[in-house]
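Here's the letter readout for the chains.
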Amino acid sequence: MNLAHAPLPELYVSPDSASKLKLEAADLPSWDLTARQVCDLELLMNGGFNPLRGFLSEADYDSVVETMRLTDGSLWPMPITLDVTEKFAEGVAPGQDIALRDPEGVILAILSVSDKWVPNKAREAEKVFGADDLAHPAVNYLHNVAGKVYLGGPITGIQPPVHYDYRARRDTPNELRAFFRKMGWHRVVAFQTRNPLHRAHQELTFRAAREAQANLLIHPVVGMTKPGDIDHFTRVRCYEAVLDKYPASTTSLSLLNLAMRMAGPREAVWHGIIRKNHGCTHFIVGRDHAGPGKNSQGEDFYGPYDAQDMFKAHQDEIGIEMVDFKHMVWVSERAEYQPIDEVQEGHTVLNISGTELRRRLQEGLEIPEWFSFPEVVAELRRTKPARSKQGFTLFFTGLSGSGKSTIANAVMVKLMEMGGRPVTLLDGDIVRKNLSSELGFSKEHRDLNIRRIGYVASEITKNGGIAICAPIAPYTATRRAVREEIEAFGAFVEIHVATSLEECEKRDRKGLYKLAREGKIKEFTGISDPYEAPENPELRLDTAGLEVDYCAQQVILKLESLGLIAA
Ligand code: PPS
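Residues numbered from 1 in each chain as written. Predicted model: local features only at pLDDT ≥ 70, side-chain atom pairs only at ≥ 80, totals over all residues. Heavy atoms only, no water.

Trainee: Help me understand the overall build of the chain, please; the structure alone is not making it clear to me.
Mentor: Counting its regular elements, the chain contains 20 helices and 20 strands. Its C-alpha atoms give the chain a radius of gyration of 26 Å, near enough to 24 Å, the size a compact globule of 567 residues would have. Taken along the three principal axes of its C-alpha coordinates, the chain extends 80 × 70 × 40 Å. Burial analysis of the chain (567 residues in total) assigns 52% to the buried set. A separation of at least 24 residues holds for 73% of the contacts in the chain among residues at least 6 apart in sequence. Just so you have it, the chain exposes about 25,300 Å², and 51% of that area is on carbon and sulfur atoms. Across the chain, the 67 positively charged side chains and the 78 negatively charged ones have centroids separated by 3 Å. (Helix = DSSP H or I, 4+ residues; strand = E, 2+ residues; numbered from the N terminus. Rg over C-alpha atoms; globule rule 2.2 N^0.38 Å. Buried < 20%, exposed > 50% of the residue type's maximum accessible area, 1.4 Å probe, protein only. Contact = heavy atoms within 4.5 Å. Areas by Shrake-Rupley, 256 points an atom, 1.4 Å probe, with all protein chains shown as cover. Lys, Arg positive; Asp, Glu negative; His and termini not counted. Charge placed at Lys NZ, Arg CZ, Asp CG, Glu CD.)

If you want it as structure tokens, here you go:
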């Protein structure tokens, strides 16, 4: 038997033991897994993360962070840890079992806690992601989303997370290994992707498989990808359309419920181990594999070939061979795709970048047939109508009395006059009355208030409406979290109403500044509580000496320049 196809150890107990454990688990402390943790747990339990048998212990974590290896010397580049809140961690001690549940409360596994520690997140960011820079999505997650305490220990698997979508396309490592065995596929090239496939991808994957004399597995990530990516429902419909373009029975499509970290070189090695576990013998690694985009200085986090270099250095140990990802371009004279380094001198090369494609989709412009398959373009247009038809959020932030509500009201009226999309105003005061009446002004309460506003705005945006928010929203991290939540569905336009504290206090329209100065109102923004001004808002307005109408007009012009309103 080809070793790549032999069954892999899983962490699940038998159905009988699972039923018993489920009952016993009622007495255990329960941790409700985050979306990322559900993904990690599924791959731990089904062997996708082999050789891991649970969430990393502290010693393994330190070793992985520093050396990309477990303490037993096995190659493992990514810290797979269970992060929890300090509050939950207080009630847990090593030696104890805890029940791991999905967001609906269904028990998936038991963690036998061996270690509990507070990680040095700055070190983790530096070593694993290359920089402690919040522009990296995984570093931002580490500092602003993940809990402060890590728990480690072996897992007893009870049941896999339930997926209601595309069930027939989801395979465990052992299911894929059995499929390859059954089909007689001895050499399999895996293609990792988080984007829709266009003609160039189809060409390059087809060529890669042919060069390796192997079958092809399109293995897209459907767990968590980079914030702002096209949702996996749309992508899978696109992949299914592209699958028909390969010669019959050479290629298969399977969905991988992985939560990506966008860690470039380390991530490429991790992806290789995961594909090896899924029975593949070859893996396509291209330029800037799993790249996170630009850092806060506007530079790339990793060199374009760092991932390939690191992969090559470890491929023998992993037991999977790298296949180079060729940059394919359309050659007009030949009416076909060719690798860029094989194009004859003088021939015309055409290419549409990801940014250009997004622009054309946003503006409803033509996408040529040489670039993509009509079925894929139709699918993308269906989910991503032109920007001027999508929902969006206008998010005003600024001190009390800065003029947020006044401008927001004026903008709302102008947008309603234009028509076409429903407009909802989530003004600070309205929200505090209807959504957040029990909240005060501590950091915790303000954050909760803004998260609620963000949630409602994201729903409005998702459903094609315009949400206008006008809270103080004093904290950068919270505004950023709301931005990320909303950008999954449409534009987030941040407007800093930058009227100075002196001016706001001079106006003191509600008489609150006076009371705050007298100490009669505590935690008052600008006086006894912080306001972190946005560094890069889409628009900044200082209302001192300006008419409301002029300010509202500036906002409308901004929306027009962003393509959010059209003639
Ligand atoms: S936050 O920080 O975003 O949750 O605040 P927000 O929901 O926008 O509420 C701000 C309005 O509440 C009034 N108010 C206070 N503001 C700031 N600090 C303290 N301690 C405070 N207490 C009451 C104030 O009228 C704010 O309204 P605006 O429209 O901003 O002037």
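Trainee: Help me understand empty space enclosed by the protein, please; the structure alone is not making it clear to me.
Mentor: A water-sized probe rolled over the atoms picks out the places where empty space is left. The tally for this structure, following the rule as stated, stands at two cavities of 30 Å³ or more. By volume, the largest cavity amounts to about 130 Å³. Lining of the largest cavity is provided by 15 residues; of these, R36, P79, T81, E124 and R261 occupy positions nearest its centre. Mapped by element, the contributors of at least two residues to the lining of the largest cavity are helix 2 (35-45), helix 5 (121-129) and helix 6 (137-144). Examining the composition of the lining of the largest cavity, we find that three residues originate from one element, helix 6, more than from any other. Partitioning the lining of the largest cavity into residue classes produces nine nonpolar, one polar and five charged. If you add up the space inside the second largest cavity, you get close to 40 Å³. L204, R207, A208, E211, D324, F325 and K326 together form the lining of the second largest cavity. Of the residues forming the lining of the second largest cavity, the biggest block, four residues, is contributed by helix 8 (residues 199-211). (1 Å grid on protein atoms, 1.4 Å probe; cavity = no way out; pocket = protein on both sides within 12 Å on 5 of 7 lines; lining within 4 Å. Points joined across faces, edges and corners; volume = space filled by probe spheres on them. Nonpolar A, V, L, I, M, F, W, Y, C, P; charged D, E, K, R; others polar.)

Trainee: Hey, could you run me through helix 14 (residues 404-418) in this one?
Mentor: Each α-helix winds once per 3.6 residues, and so residues spaced three or four apart point in a common direction. The terminal C-alpha atoms of helix 14, which comprises 15 residues, lie 21 Å apart, in line with the 21 Å expected from a rise of 1.5 Å per residue. Of the surrounding secondary structure, the elements contacted by the buried residues of helix 14 are strand 16 (392-398), strand 17 (423-427), strand 18 (466-470), strand 19 (491-497), strand 20 (539-541) and helix 20 (548-561). Among the residues trailing helix 14, G419 stands out with phi positive, at a value near 75°. (Expected span 1.5 Å × (residues − 1).)

Trainee: How should I be thinking about the nonpolar core in this particular structure?
Mentor: Within soluble globular proteins, side chains that are nonpolar generally end up buried alongside one another. In terms of nonpolar packing, the biggest core is built from 71 residues, with F49, W76, L82, I98, L100 and I155 touching the most fellow members. What I98 contacts, discounting residues up to four positions off in sequence, is L28, P29, W31, L82, F88, V92, A109, I110, L111, V113 and L151. Judged by nonpolar contacts, the second largest core, of 35 residues, contains L204, I218, W330 and V377. (Core = buried A, V, L, I, M, F, W, Y, C linked by side-chain atoms within 4.5 Å.)

Trainee: Teacher, can you tell me more about the packing of helix 5 against helix 6 here?
Mentor: When two helices pack together, their arrangement is given by the angle between the helix axes and the distance between those axes. Where helix 5 meets helix 6, the closest approach of the two axes is 10 Å, and the angle between their N-to-C directions is 165°. As far as their axial angle goes, helix 6 and helix 5 are roughly antiparallel. Read as a crossing pair, helix 5 and helix 6 show a hand that is right-handed. Judged by residue contacts, K121, A122, E124, A125 and F129 of helix 5 engage A138, V139, L142 and H143 from helix 6. Residues that form the contact of helix 5 with helix 6 fall into these classes: six nonpolar, one polar and two charged. (Axes fitted to C-alpha atoms, helices over the stretch in contact; angles between N-to-C directions. Parallel < 35°, antiparallel > 145°, perpendicular 65-115°, else oblique. Left-handed = near helix turned anticlockwise from the far one by under 90°.)

Trainee: What is the right way to read the pattern of salt bridges from this model?
Mentor: A side chain of one charge can pair with a side chain of the opposite charge if their charged atoms are brought near each other. Applying the stated criterion across every chain yields a total of 33 salt bridges. The closest approach of N and O atoms between K294 and D300, which form a salt bridge, is 3.0 Å. Put simply, E494 and R483 hold a salt bridge, and the shortest N to O gap is 3.4 Å. Taken together, the residues span a long stretch of sequence, with E494 in strand 19 and R483 in helix 17 (residues 476-487) at a distance of eleven residues. One exposure class covers both E494 and R483, and it is buried. Linked through salt bridges whose partners overlap, the residues forming this network are R479, R483, E487, E494 and E538. (Salt bridge = Lys/Arg side-chain N within 4 Å of Asp/Glu carboxyl O.)

Trainee: In this structure, what is going on with the sheet that holds strand 16? I would like to understand it.
Mentor: Across a sheet, strands are paired by hydrogen bonds formed along the backbone, either parallel or antiparallel in direction. Strand order in the open sheet formed by five strands is 17-18-16-19-20, and the pairing between neighbours is parallel. Either end of the sheet is taken by a strand with one partner, and the two such strands are strand 17 and strand 20. Pairwise comparison of adjacent strand axes, ignoring direction, gives a mean angle of 15° for this sheet. Looking at chain direction, strand 16 and strand 19 are connected through seven bridges and run parallel. (Pairing = 2+ DSSP bridges.)

Trainee: Mind showing me how you'd approach the domain arrangement of the chain here?
Mentor: Interfaces are often described in size by the accessible area the parts lose on coming together. What the domain assignment reports for the chain is domain 1 (15-157), domain 2 (167-330) and domain 3 (387-562). Look at where the C-alpha atoms of domain 2 and domain 3 centre, and you get two points 41 Å apart. (Domains from an automatic or database assignment.)

Trainee: What's the story with unusual backbone geometry in this structure? I'm lost.
Mentor: Among all residues except glycine, the phi angle is most often negative; among peptide bonds, the trans geometry is most common. The amide bond that connects N50 to the next residue, P51, takes the cis arrangement and shows omega of 15°. Even without being glycine, Y166 reaches a positive phi, approximately 45°. Structurally, the position occupied by Y166 is in the loop between strand 7 (149-157) and helix 7 (173-183). Residue Y166 is classed as partly exposed on the basis of its relative accessible area of 21%. For A473, which is not glycine, the phi dihedral falls at a positive 45°. Assignment of secondary structure puts A473 in the loop between strand 18 and helix 17. A relative accessible area of 3% places A473 in the buried class.

Trainee: Sorry if this is basic, but what is going on with the packing of aromatic side chains here?
Mentor: Two measures describe an aromatic ring pair: the distance that separates the ring centres and the angle between the ring planes. Tallied over the full model, the rule gives 17 aromatic pairs. Arranged with centres 6.3 Å apart and planes meeting at 40°, the rings of Y166 and F233 form a pair that is tilted. Note that Y166 is positioned in the loop between strand 7 and helix 7 and F233 in helix 9 (residues 232-243), a separation of 67 residues in sequence. Arranged with centres 5.5 Å apart and planes meeting at 75°, the rings of F179 and W185 form a pair that is edge-to-face. We classify W185 as buried; its relative accessible area is 4%. Three or more aromatic residues link up through ring pairs in this structure, and these residues are W330, Y337, W370 and F371. For the cation-ring pair, R36 lies above Y141, with the distance from its terminal atom to the ring centre recorded as 3.7 Å. (Phe/Tyr/Trp six-rings, centres within 6.5 Å; stacked < 30°, edge-to-face > 60°. Lys NZ or Arg CZ within 6 Å of the ring centre and 35° of its normal.)

Trainee: How should I be thinking about the confidence of the model for the chain in this particular structure?
Mentor: The predicted coordinates of low-pLDDT regions are not to be read in fine detail. The predicted model of the chain has a mean per-residue pLDDT of 95, with 99% of residues at 70 or higher. On the interface metric, ipTM, the complex scores 0.92, and its pTM is 0.75. (pLDDT = per-residue confidence, 0-100.)

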